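# Secondary and tertiary structure notes
Spelled out from the first residue to the last, the chains are:
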Amino acid sequence: MTPARTRTTRRPVRRTAAVAATAVLGLALTACATDSGSGSGGDSDVPMNGDDEAAVSIGIPSGWDEGIAVSHLWTAILEEEGYDVSSQTADVGVVYTGLAGGDFDVTLDVWLPYTHASYEEEYGEEVTDLGYWYDDAKLTIAVNEDSPAQSLEDLAGMSGEYGDKLVGIEAGAGLTKITQEEVIPTYGLEGMDYSISSTPAMLAELKGATDAGENIAVTLWRPHWAYDEFPVRDLEDPEGALGEAEKIHMWGSSDFEERYPTLTKMLGAFTLDDEQLFSLENMMFNSDEYADEAEAVQAWLEANPTFVDDLKESAGV
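Bear in mind that the values here come from a model prediction, so they are computed numbers and not experimental data.

## Some words on the overall build of the protein chain
- Along its length, the protein chain carries 14 helices and 10 strands.
- The buried share of the protein chain, taken over its 317 residues, is 51%.
- Long-range contacts, defined as pairs at least 24 residues apart, comprise 82% of the intrachain contacts of the protein chain with a sequence gap of at least 6.
- For the protein chain, the exposed surface amounts to about 13600 Å²; the carbon and sulfur share of it is 45%.

Quick look at the structure:
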């Protein structure tokens, strides 16, 4: 599912809900965790890669496509390196609470400095910030790449080129709220019909327009596989109405660096550029060619044959 992901819709769960979720997390992990390790298996106290522990558990925030994609990518990388990998998908609040409580070893999708600031404030002393792997996470207004408008300032005067319509997503999404309260009044777009429906409906309209060679303007966000699938580009936002870009960080348990010194170096060297990330997401979420996420990852690694070797070289391992 493509999330209506924005700063407002990705609000942290209340503390009481997070604590309650953590109380049952152990049961959930026992019942639902996917032991995807295909390495040597066995005792997690036995080092399998340098001085690292053998087993690694990954917390995956539900509905966050880039986090799901890179978690499966890292599962494949770690299994190949001989680790036992397990993962559990849960609400973002449950993942961070579980990480701080020792139920997970690492999570790969923490948006800072804005979206997950409250979690950083609450759990910052109980987790290890392992750095960031993506530095251009942001809300956008996108258009087909061959259309005339270059910035949001152009859009009001050129709205007729886009059918006087701006295609949005869910009514409750933070991107919708920001578009209504910040973007439209800032750039004088009141004359455009702001269509609010759903993310799938927006993507369907985007596909239809680009297939037909028609101009279209939509609310979107980075990272998203649509940038790989469709010929689109972002409109410039000179007034900053959509907010600044964020970085996607990785958090480990409080003792992560001591338990996984080799993996700490590998994660510290990990980055994905737009082309790499969007193609990975597109293969995983928007293709019928692959049976599951693992198969999509293997296909992506085959298309990027030096990726792991380059990563290990950068990490010095």
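## Focus on the pattern of salt bridges
- A full pass over the atoms with the stated rule returns 10 salt bridges.
- For Arg 259, the salt bridge identified is with Asp 105, shortest N-O distance 2.9 Å. Taken together, the residues span a long stretch of sequence, with Arg 259 in helix α10 (residues 256-259) and Asp 105 in the loop between α4 (92-100) and β4 (106-112) at a distance of 154 residues. Taken individually, Arg 259 and Asp 105 each receive the classification buried, so the pair is uniform in this respect.
- Salt-bridge contacts for Glu 181 lead to Lys 177; the nearest nitrogen and oxygen are separated by 2.8 Å. Residue Glu 181 and its partner Lys 177 are both found in helix α7 (residues 174-187); the two are separated by 4 residues, about one turn of the helix.
- Its relative accessible area of 36% is what places Lys 177 among the partly exposed residues.
- Taken together, the shared-partner salt bridges in this structure form one network comprising Glu 53, Asp 105, Asp 255 and Arg 259.

## Details of the side chain of Asp 109
- Tracing the backbone shows Asp 109 in strand β4.
- A relative accessible area of 0% means that Asp 109 is categorised as buried.
- Reaching out from Asp 109, the side chain makes a polar contact with the side chain of Trp 111 at a distance of 3.1 Å.
- Among all residues touching Asp 109, those that are not within four sequence positions of it are Pro 61, Trp 64, Glu 66, Gly 67, Tyr 96, His 116, Ile 248 and His 249.

## Some words on the environment of Gly 98
- By the secondary structure assignment, Gly 98 is in helix α4.
- Gly 98 gets classed as buried once you look at its relative accessible area, which sits at 0%.
- Here the alpha-carbon distance between Gly 98 and Gly 59, two residues 39 residues apart in the chain, equals 8.1 Å.

## Details of α7
- Here α7 contains 14 residues, and its C-alpha end-to-end distance of 18 Å stays within 8% of the 20 Å for a straight helix at 1.5 Å per residue.
- The largest bend in α7 is about 35 degrees, located at Gln 180.
- Within α7 the residues assigned to the buried category are Gly 174, Leu 175, Thr 176, Ile 178, Thr 179, Val 183, Ile 184 and Tyr 187.
- Where the residues of α7 are buried, they touch β5 (127-144), α6 (152-157), β6 (165-167), β7 (193-195) and β8 (217-222).

## What to know about the confidence of the model for the protein chain
- This prediction gives the protein chain a mean pLDDT of 86; 85% of its residues lie at or above 70.
- The secondary structure element of the protein chain with the lowest average pLDDT is helix α1 (residues 15-23), at 34, and the one with the highest is β6, at 98.
- Note that residues 1-48 has pLDDT below 50 and, in this model, 108 contacts with residues that lie over four places away or in other chains.

## Quick look at the packing of aromatic side chains
- Applying the stated criterion across every chain yields a total of 12 aromatic pairs.
- Ring centres of Tyr 96 and Tyr 119 lie 4.9 Å apart, and the angle between their planes is 75 degrees; on these two criteria the pair is classed as edge-to-face. Of this pair, Tyr 96 sits in helix α4 while Tyr 119 sits in helix α5 (residues 117-123), and the two are 23 residues apart along the sequence. Grouping residues by exposure puts Tyr 96 and Tyr 119 together as buried.
- When the ring of Tyr 96 is compared with that of Trp 251, the centres are 5.3 Å apart and the planes differ by 55 degrees; the resulting orientation is tilted. Placement of the pair is Tyr 96 in helix α4 and Trp 251 in strand β10 (residues 246-253), with a sequence separation of 155 residues. The residues Tyr 96 and Trp 251 share a single accessibility class, namely buried.
- The rings of Trp 74, Trp 133, Tyr 134, Phe 270, Trp 300 and Phe 307 are connected pair by pair, giving a single aromatic cluster.

## Observations concerning the nonpolar core
- Leu 73, Trp 74, Leu 263 and Phe 270 are the most contacted members of the largest nonpolar core, which has 96 residues in total.
- Top element by residues in this core is β5. It accounts for 9 residues.
- The residue makeup of this core includes at least three contributed by each of domain 1 (55-136 + 246-315) and domain 2 (138-234).
- If sequence neighbours within four positions are ignored, Leu 263 has contacts with Asp 52, Val 56, Trp 74, Leu 78, Tyr 83 and Phe 256.

## Some words on the pairing of β8
- For β8, the tally of buried residues reaches 6 of 6 residues, placing the bulk of the element in the interior.
- Here β5 pairs with β8 via 6 bridges, running antiparallel. For Ala 142, the partnering residue across the bridge sits in β8 and is Val 218.

## Section: unusual backbone geometry
- Omega for the peptide link from Leu 112 to Pro 113 comes to 20 degrees, which places this bond in the cis form.
- For the peptide bond that leads from Arg 222 to Pro 223, omega is 0 degrees, which places it in the cis range.
- Mapped onto the elements, Pro 223 comes out in the loop between β8 and α9 (226-229).
- Unlike most non-glycine residues, Asp 164 shows phi in positive territory, near 55 degrees.
- By the secondary structure assignment, Asp 164 is in the loop between α6 and β6.

Rules and cut-offs
- Residues numbered from 1 in each chain as written.
- Predicted model: local features only at pLDDT ≥ 70, side-chain atom pairs only at ≥ 80, totals over all residues.
- Heavy atoms only, no water.
- Helix = DSSP H or I, 4+ residues; strand = E, 2+ residues; numbered from the N terminus.
- Buried < 20%, exposed > 50% of the residue type's maximum accessible area, 1.4 Å probe, protein only.
- Contact = heavy atoms within 4.5 Å.
- Areas by Shrake-Rupley, 256 points an atom, 1.4 Å probe, with all protein chains shown as cover.
- Salt bridge = Lys/Arg side-chain N within 4 Å of Asp/Glu carboxyl O.
- Polar contact = N/O pair within 3.5 Å; in protein donor to acceptor, adjacent residues only side chain to side chain.
- Expected span 1.5 Å × (residues − 1).
- Bend = angle between axes of the 7 residues up to and from the residue.
- pLDDT = per-residue confidence, 0-100.
- Phe/Tyr/Trp six-rings, centres within 6.5 Å; stacked < 30°, edge-to-face > 60°.
- Core = buried A, V, L, I, M, F, W, Y, C linked by side-chain atoms within 4.5 Å.
- Domains from an automatic or database assignment.
- Pairing = 2+ DSSP bridges.

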